[in-house]
Amino acid sequence: MRRIINSTYLALDGVIENPAWTMPYFDDEAAAFAGMQTDAADALLMGRHTYDGFAAAWPTRDENDPTTGAAYFNNVKKYVASTTLTDPEWNNTEVLQGDLIEEVNKLKARDGKDILMYGYGVVTHALVRAGLVDEVRFWIHPVLQGGPSVSAPLGELPTTLALVDTKVTKSGVIIASYRPVTA
């Protein structure tokens, strides 16, 4: 069964929105870890908010420059959980139809590599609640960004996570990887 890996950039004050503020911290170590994530994943899963941001940004980047990641993001299979998006224009994108949990269970059951998610919002929250997220990686950046600290209000979901790995980059980013603990 495929794994779902969530990877979320986070400021010390909890901001995850518009992560352009992460760029000064994206050093060789962070790039290597990000490359490891994308090498292990043959699909992206996202909500509409993340899709809109990614679809606006990635197609404008140079796919011939391997340091941008654009070739991966523009060509990898993308699944979008949305009730309003009907005709996605970004290459290789499919809108999930029907019940989110059922559709994601089907995706996980297919042959393939990891399914990668970015950002932590209502879709990730619903999948954690359903027990479908296998690992959450918080990239904690040494910056106070200011502004809203979550992308969307999340319902109550007391969840215990077990630390499975940590990495600290030279630029001060802590990548803390957790797996949900099942009772």
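Please refer to the structure higher up on the page.
Residues numbered from 1 in each chain as written. Predicted model: local features only at pLDDT ≥ 70, side-chain atom pairs only at ≥ 80, totals over all residues. Heavy atoms only, no water.

Here we look at the overall build of the protein
Right, so step 1: Along its length, the protein carries five helices and eight strands.
Right, so step 2: Each helix and strand of the protein, ordered N terminal to C terminal, gives the series β-α-β-α-α-β-β-α-β-α-β-β-β.
Right, so step 3: Relative to the compact-globule value of 16 Å for 183 residues, the protein shows a C-alpha radius of gyration of 16 Å, a close match.
Right, so step 4: Each of the three principal axes of the protein carries a C-alpha extent, and together these read 45 × 45 × 30 Å.
Right, so step 5: Put simply, the protein has 183 residues, and 42% of those count as buried.
Right, so step 6: Surface accessibility of the protein: about 9,700 Å² in total, with carbon and sulfur atoms responsible for 54%. (Helix = DSSP H or I, 4+ residues; strand = E, 2+ residues; numbered from the N terminus. Rg over C-alpha atoms; globule rule 2.2 N^0.38 Å. Buried < 20%, exposed > 50% of the residue type's maximum accessible area, 1.4 Å probe, protein only. Areas by Shrake-Rupley, 256 points an atom, 1.4 Å probe, with all protein chains shown as cover.)

Comments concerning the nonpolar core
Right, so step 1: Ranked by internal contacts, the top residues of the largest apolar core, which has 20 residues, are Ile 4, Leu 45, Val 104 and Leu 127.
Right, so step 2: Contributing elements (two or more residues each) for this core: strand S1 (4–11), strand S2 (41–47), strand S3 (77–81), helix H4 (100–109), strand S5 (114–118), helix H5 (122–129) and strand S6 (135–141).
Right, so step 3: Residue contacts for Val 104: discarding those within four places in its chain leaves Ile 4, Leu 45, Leu 96, Leu 127 and Leu 132.
Right, so step 4: One finds Ala 41, Ala 70, Val 76 and Leu 85 within the second-largest nonpolar core, a separate group that totals 17 residues. (Core = buried A, V, L, I, M, F, W, Y, C linked by side-chain atoms within 4.5 Å. Contact = heavy atoms within 4.5 Å.)

Re the sheet that holds strand S8 (residues 174–180)
Right, so step 1: Taking strand neighbours across the sheet as the criterion, the eight strands line up as S4-S3-S2-S5-S1-S6-S8-S7 in an open arrangement whose pairing is mixed. At either end of the open sheet lies a strand with only one pairing partner, and these are strand S4 (93–96) and strand S7 (161–168). With strand direction ignored, the average angle separating the axes of adjacent strands in the sheet is 25°.
Right, so step 2: Where S6 and S8 come together, five bridges link them in antiparallel fashion. Paired with Phe 138 across the bridge in S8 is Ala 176.
Right, so step 3: With respect to the sheet, helix H1 (residues 28–39) is in contact with S1, S2, S5, S6, S7 and S8, its orientation differing from that of S6 by roughly 160°.
Right, so step 4: The strands touched by helix H2 (residues 48–57) within the sheet are S2, S3, S4 and S5, with S2 carrying the most contacts at an inclination of about 115°. (Pairing = 2+ DSSP bridges. Axes fitted to C-alpha atoms, helices over the stretch in contact; angles between N-to-C directions.)

Brief notes about the packing of aromatic side chains
Right, so step 1: Tallying each qualifying case throughout the model produces eleven aromatic pairs.
Right, so step 2: An angle of 70° between the planes, with centres 6.5 Å apart, marks the rings of Phe 54 and Trp 58 as edge-to-face.
Right, so step 3: According to the relative accessible area criterion, Trp 58 is buried, its value standing at 13%.
Right, so step 4: The structure contains a cluster of three or more aromatic residues connected by ring pairs, namely Phe 54, Trp 58, Tyr 72, Phe 73 and Tyr 118.
Right, so step 5: The residue whose ring lies beneath Arg 61 is Trp 58, and the NZ or CZ to ring-centre distance is 4.7 Å.
Right, so step 6: Sitting over the face of the ring of Trp 90, Lys 78 holds its NZ or CZ atom 4.4 Å from the ring centroid. (Phe/Tyr/Trp six-rings, centres within 6.5 Å; stacked < 30°, edge-to-face > 60°. Lys NZ or Arg CZ within 6 Å of the ring centre and 35° of its normal.)

Notes on H4
Structurally, the α-helix is built with 3.6 residues per turn, so residues lying three or four positions apart point the same way.
Right, so step 1: Every buried residue of H4 is listed here: Glu 103, Val 104, Leu 107 and Lys 108. With its buried residues spanning 140° around the axis, H4 presents them on a single face.
Right, so step 2: For H4, the elements touching its buried residues are S1, S2, S3, S4, S5 and H5.
Right, so step 3: Its side-chain oxygen placed 3.2 Å from the backbone nitrogen of Ile 101, Asp 99 serves as the N-cap of H4. (Arc of directions from axis to C-beta. Polar contact = N/O pair within 3.5 Å; in protein donor to acceptor, adjacent residues only side chain to side chain.)

Quick notes on the pattern of salt bridges
Right, so step 1: Here the structure, examined in full by the defined rule, presents ten salt bridges.
Right, so step 2: For Arg 3, the salt bridge goes to Glu 135, with nearest N and O atoms at 3.7 Å. With Arg 3 in the segment before S1 and Glu 135 in strand S6, this pair connects stretches of sequence that are 132 residues apart.
Right, so step 3: Judged by its relative accessible area of 29%, Arg 3 falls in the partly exposed class. (Salt bridge = Lys/Arg side-chain N within 4 Å of Asp/Glu carboxyl O.)

The values reported here are purely geometric and, on their own, carry no functional implication.
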